[in-house]
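An overview of the molecular structure
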Amino acid sequence: MAEEHDEHDTHFEATDAGASHTYPMQAGEIRKGSHLMIKGRPCKCIEVSTSKTGKHGHAKAHIVALDIFTGKKYEDLCPTSHNLDVPFVVKTEYQVCSADEGSGEVILLKEDGTTKEDLNLPTFVKVGEPTDDDKKVADEILKGLEDGKNVNVIVQAACGEEKIVGTKITDS
């Protein structure tokens, strides 16, 4: 009898408490500036318009959004009553220890004194071309370091991806 019981032993997978990168929101509640997922990419809404309910159904939301990491434009059309996934977007500020213009490697200092070395200058992109903002941010980082100033960067993170999106430069 005991052997039979062992066969049906339940096994639970351990998961990360923050495993979910997204939460649901009704399409009708998305506003300009909201974040949302389109085609599996975290985006920021730049335009949203809703159409009237048709004879047979739902009011539709037409959403135009830009990928928050690549700047690529995406569009989505869906009933306003449907749920869309909204990514959790976190911005963190770090101090820059060094940045290599040639390799793109950036070494950042975390609050606990350890370094974060897994990011590149925003002009080093995996997909597509760097945006004008990417170029501006990379130039600000390099120039700030060259001039001996304190350079902090704002790192935006969502869906397991991270990117340097801004700078704060102060005199040493």
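So, here is what we can say about the structure in this document. Counting starts from 1 at the beginning of each chain's written sequence and moves along it residue by residue. Local features are withheld for residues below a pLDDT of 70 in this predicted model, meaning they are given only at 70 or higher, and side-chain atom pairs are given and counted only at 80 or more; totals for whole chains, interfaces and linings count all residues. Note: side-chain values were computed over all heavy atoms of the structure, leaving out hydrogens and water.

Strands pair, by our definition, only if DSSP identifies at least two bridges between them. What counts as a helix is a DSSP run of H or I of at least four residues, what counts as a strand is a run of E of at least two, and both are numbered from the N terminus. Where strand β2 (residues 35-38) lies against strand β3 (residues 41-51), four bridges are found, and the strand directions are antiparallel. When the bridges of β3 are listed, Met37 appears paired with Pro42. In this antiparallel pair of consecutive strands, β2 and β3, the connection spans two residues, and Lys39 shows a positive phi of 50°. Alignment of β3 against strand β4 (residues 60-67), held across eight bridges, turns out to be antiparallel. Counterpart to Ser51 in the pairing with β4 is Lys60.

Aromatic rings considered in pairs are described by the distance between their centres and by the relative angle of their planes. The pairing test for Phe, Tyr and Trp rings, Trp by its six-membered ring, is centres within 6.5 Å, and the orientation test on the planes gives stacked under 30 degrees, edge-to-face over 60, and tilted for anything in between. Scanning the model with the defined rule gives one aromatic pair in all. Measuring from ring centre to ring centre gives 4.9 Å for Tyr23 and Phe88, while their planes differ by 45°; the resulting arrangement is tilted. Of this pair, Tyr23 sits in strand β1 (residues 22-26) while Phe88 sits in the loop between β6 (83-87) and β7 (90-99), and the two are 65 residues apart along the sequence. Note on classification: 1.4 Å probe, protein chains only; a residue is buried when its accessible area is under 20% of the maximum for its type, exposed when over 50%, partly exposed between these limits. For Tyr23, a relative accessible area of 32% corresponds to the partly exposed category. Residue class for Phe88 comes out partly exposed when judged on its relative accessible area of 44%.

Spatial ordering of the open sheet is given by β9-β8-β7-β10-β11, a layout of five strands whose pairing is antiparallel. If you trace the sheet from one side to the other, it starts and ends with β9 (115-120) and β11 (161-170), each paired once. When the angles between neighbouring strand axes are averaged without regard to direction, this sheet yields 40°. Relative to strand β10 (residues 150-158), β7 is paired through six bridges, and the arrangement is antiparallel. Bridge pairing in β10 links Val90 to Ala157. Pairs of residues are marked as contacts when any of their non-hydrogen atoms sit within 4.5 Å. Lines fitted to the C-alpha atoms define the axes, with helices restricted to the stretch that makes contact. Angles between their N-to-C directions range from 0 to 180 degrees. Along the sheet face, helix α2 (residues 132-146) touches β7, β10 and β11 and points at about 50° away from the line of β11.

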